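# Examination of the molecular architecture
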Amino acid sequence: MLIALIARDKPDHLQTRMDNRAAHLAYIETTGCVAQAGPLLDQDGGMVGSLIILDVEDMAAGQAWADNDPYAKAGLFEAVELITWKKVVG
């Protein structure tokens, strides 16, 4: 099952993002269920959130992944949405 995780950073939390970026990227690498990922950007190119496509068994596994993301544990996100996603192109 593919799940789109869309997360919006809390305002003025860029330092939290940067402080936890290495742990977040390591988590992506070690869990092995991330099909695609990258930051959401503001008009100036600054990082303001994340878009992650998870390939997991079910929504519960997606939620567990999201809950254990180092960014989430550090309190970076203002909002997180998990949505079942269907790949059509690419």
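Whatever comes next refers back to the structure up there.
A few points on the structure. Here the residue numbers are simple positions, counted from 1 along each chain's written sequence. Predicted model: local features are reported for residues with pLDDT of at least 70 only, side-chain atom pairs are reported and counted for 80 or more only, and whole-chain, interface and lining totals are derived from all residues. Side-chain metrics in this entry use all non-hydrogen atoms of the structure; hydrogen atoms and water are not considered.

Take helix H2 (residues 59–68) next. We call a residue buried when its accessible area falls under 20% of the maximum for its residue type, exposed when it is over 50%, and partly exposed in between, using a 1.4 Å probe and counting protein chains only. The helix and strand labels rest on DSSP assignments: H or I over at least four residues marks a helix, E over at least two residues marks a strand, and numbering proceeds from the N terminus. When H2 is considered as a whole, its buried residues turn out to be Gly62, Trp65 and Ala66. In an axial view of H2, the angular spread of the buried residues amounts to 95°, which keeps them on one side of the axis. Counted as a polar contact is a pair of N or O atoms within 3.5 Å, where, for protein atoms, one must be capable of donating a hydrogen and the other of accepting one, and residues adjacent in sequence contribute only when both atoms are in side chains. For H2, the N-terminal capping position is held by aspartate 58, with its side-chain oxygen 3.3 Å away from the main-chain nitrogen of alanine 60. Here the arc refers to the set of directions running from the helix axis out to each C-beta atom.

Right, let's get into the pairing of strand E3 (residues 47–55). Should DSSP find at least two bridges between two strands, the strands are regarded as paired. Direction of pairing for strand E1 (residues 2–9) relative to E3: antiparallel, over a ladder of 7 bridges. The residue bridging isoleucine 6 from the neighbouring strand is leucine 51, located in E3. Bridging between strand E2 (residues 34–41) and E3 involves 7 bridges; their strand directions are antiparallel. Note that in E3 the partner of leucine 41 across the bridge is methionine 47.

This brings us to the sheet that holds E1. The 4 strands lie next to each other as E2-E3-E1-E4, forming an open sheet whose pairing is antiparallel. On the outer flanks of this sheet lie E2 and strand E4 (77–84), each paired with one strand and no other. Mean inter-strand twist for the sheet, computed between neighbouring axes without regard to direction, equals 15°. Set on the sheet, H2 makes contact with E1, E2, E3 and E4; between it and E4 the angle comes to about 160°. All axes are obtained by fitting lines to C-alpha atoms, using only the stretch in contact for helices, and the reported angles, taken between N-to-C directions, cover 0 to 180 degrees. Contacts were defined at the residue level, with two residues in contact if any of their heavy atoms lie within 4.5 Å.

Glancing now at the pattern of salt bridges. Between side chains of opposite charge, pairing is possible as soon as their charged atoms come close. A pair is scored as a salt bridge if a Lys or Arg side-chain nitrogen falls within 4 Å of a carboxyl oxygen belonging to Asp or Glu. Under the counting rule described, the total for this entry stands at 1 salt bridge. Residues arginine 17 and aspartate 9 are paired through a salt bridge, measuring 2.8 Å at the closest nitrogen-oxygen approach.

A separate point is the environment of threonine 30. Relative to the assigned elements, threonine 30 resides in helix H1 (residues 14–31). Separated by 3.4 Å, the side chain of threonine 30 and the backbone oxygen of tyrosine 27 make a polar contact.

What follows is about unusual backbone geometry. Unusually for a residue other than glycine, aspartate 12 sits at a positive phi of about 60°. Among the secondary structure elements, aspartate 12 is positioned in the loop between E1 and H1. On the accessibility criterion, aspartate 12 (83% relative accessible area) is exposed.

This paragraph deals with H1. In this analysis, the expected span of each helix is defined as 1.5 Å times one less than the number of residues it contains. End to end, H1 covers 24 Å across 18 residues, agreeing with the expected 26 Å (1.5 Å per residue, within 8%). At every residue, the bend is computed as the angle between two fitted axes, covering the seven residues ending there and the seven beginning there respectively. The largest bend along H1 reaches roughly 55° and is located at arginine 21. Taken as a whole, H1 has its buried residues at Thr16, Arg17, His24, Tyr27 and Ile28. Elements in contact with the buried residues of H1: E1, E2, E3, H2, helix H3 (70–73) and E4. Just beyond H1, the residue with positive phi is glycine 32, at close to 70°.

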